[in-house]
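# Structure assessment
Spelled out from the first residue to the last, the chains are:
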Amino acid sequence: MTSVGADSPVDGIVATVPIVLSLLVAAWALVAAVRHRPPDRMQFVGLAVLEVALLVLGVLALVAVGGGDRPGEPGAFFGYLVTLVCLPPLAWVLARMEPTRWGSAIVCAVCLVTPVVVVRLQQTWEVLGG
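Structure report, in brief. Bear in mind the structure is a predicted one, so any value in this text is a computation, not a measurement. (Residues numbered from 1 in each chain as written. Predicted model: local features only at pLDDT ≥ 70, side-chain atom pairs only at ≥ 80, totals over all residues. Heavy atoms only, no water.)

### Focus on the overall build of the protein chain
Across its full length, the protein chain holds four helices and zero strands. With the principal axes as the frame, the protein chain shows a C-alpha extent of 55 × 25 × 20 Å. Taking all 130 residues of the protein chain together, 36% fall into the buried category. A fraction of 83% describes how many contacts in the protein chain between residues 6 or more apart in sequence connect residues 24 or more apart. Total accessible area on the protein chain is roughly 7100 Å²; 72% of this is exposed by carbon and sulfur atoms. When the 7 positive and 8 negative side-chain charges of the protein chain are each reduced to one mean point, those points stand 17 Å apart. (Helix = DSSP H or I, 4+ residues; strand = E, 2+ residues; numbered from the N terminus. Buried < 20%, exposed > 50% of the residue type's maximum accessible area, 1.4 Å probe, protein only. Contact = heavy atoms within 4.5 Å. Areas by Shrake-Rupley, 256 points an atom, 1.4 Å probe, with all protein chains shown as cover. Lys, Arg positive; Asp, Glu negative; His and termini not counted. Charge placed at Lys NZ, Arg CZ, Asp CG, Glu CD.)

This is the structure in structure tokens:
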């Protein structure tokens, strides 16, 4: 018998990259917010790169489900997956609507939530029913 997360498609480098990217963008946005700066192009580029990384994570998870693997809590898993993919575009829209330092604060907050959702996605995949 294998360990619970041994063949999880949402573990390893595929999950680490979005977490690190998200924290880097959050730090950049926090510095901008503290300096009373609106969101800049680098924050938006960071959000775009983060979105690509999250889409890769999502596609790999869906391919695994299509291949017969099943998450421990399918409803929660797919809810977290949809939420995760929607977070960077949501941050982009809200930051564009608020072209002040609060736009940078929005980007920071969303990028701090993203690693939490990635970890919850991992946990819902690895849950054993019962």
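### Here's the deal with the packing of aromatic side chains
Scanning all chains against the criterion turns up three aromatic pairs. Between F77 and F78 the ring centres are 5.4 Å apart and the planes differ by 80°, which places this aromatic pair in the edge-to-face class. Overall, F77 belongs to the buried group, its relative accessible area being 0%. Among the aromatic residues, those joined into a cluster by ring pairs are F77, F78 and W125. The residue whose ring lies beneath R96 is F44, and the NZ or CZ to ring-centre distance is 5.7 Å. (Phe/Tyr/Trp six-rings, centres within 6.5 Å; stacked < 30°, edge-to-face > 60°. Lys NZ or Arg CZ within 6 Å of the ring centre and 35° of its normal.)

### A short note on unusual backbone geometry
Unlike most non-glycine residues, H36 shows phi in positive territory, near 60°. Mapped onto the fold, H36 is located in the loop between α1 (13-34) and α2 (41-66). Judged by relative accessible area, which is 53%, H36 ranks as exposed.

### Digging into the environment of F78
Looking at where F78 falls in the secondary structure, it is placed in helix α3 (residues 74-97). C-alpha of F78 to C-alpha of A109: the two residues are 31 residues apart in sequence and 22 Å apart in space.

### A short note on the side chain of E51
Structurally, E51 is set in helix α2. The buried charged residue E51 lacks any salt bridge partner; its closest oppositely charged side chain belongs to R96, at an N-O distance of 16 Å. With residues up to four places along the chain from it excluded, the contact list for E51 reads V85, P88 and P89. (Salt bridge = Lys/Arg side-chain N within 4 Å of Asp/Glu carboxyl O.)

### Brief notes about the nonpolar core
Formed by 27 residues in total, the largest nonpolar core has its most connected members in V10, F77, L84, V107, C111 and L121. Residue assignment for this core shows that the elements contributing at least two residues are α1, α2, α3 and α4 (101-126). C111 has contacts with S22, V25, A26, L47 and L50, leaving out every residue within four places of it along the chain. (Core = buried A, V, L, I, M, F, W, Y, C linked by side-chain atoms within 4.5 Å.)

### What about a nonpolar patch on the surface?
On the surface, L90, W92, V93, L94 and M97 cluster together into a nonpolar patch covering about 470 Å² of accessible area. Mapped onto the elements, L94 comes out in helix α3. (Patch = residues over 30% accessible without salt bridge, like charges linked within 9 Å, V, L, I, M, F, W, Y side chains within 5 Å.)

### As for the state of the cysteines
Defined simply, a disulfide is a covalent bond joining two cysteines at their sulfur atoms. Tallying each qualifying case throughout the model produces zero disulfides. C86 takes part in no disulfide bond, and the closest cysteine sulfur to it belongs to C111, at a distance of 15 Å. Under the relative-accessibility criterion, C86 is labelled partly exposed at 42%. Of all cysteine sulfurs in the structure, the one in C111 sits closest to C108, which takes part in no disulfide; the separation is 7.5 Å. Among the residues examined, C108 registers a relative accessible area of 10% and is labelled buried. (Disulfide = S-S within 2.5 Å.)

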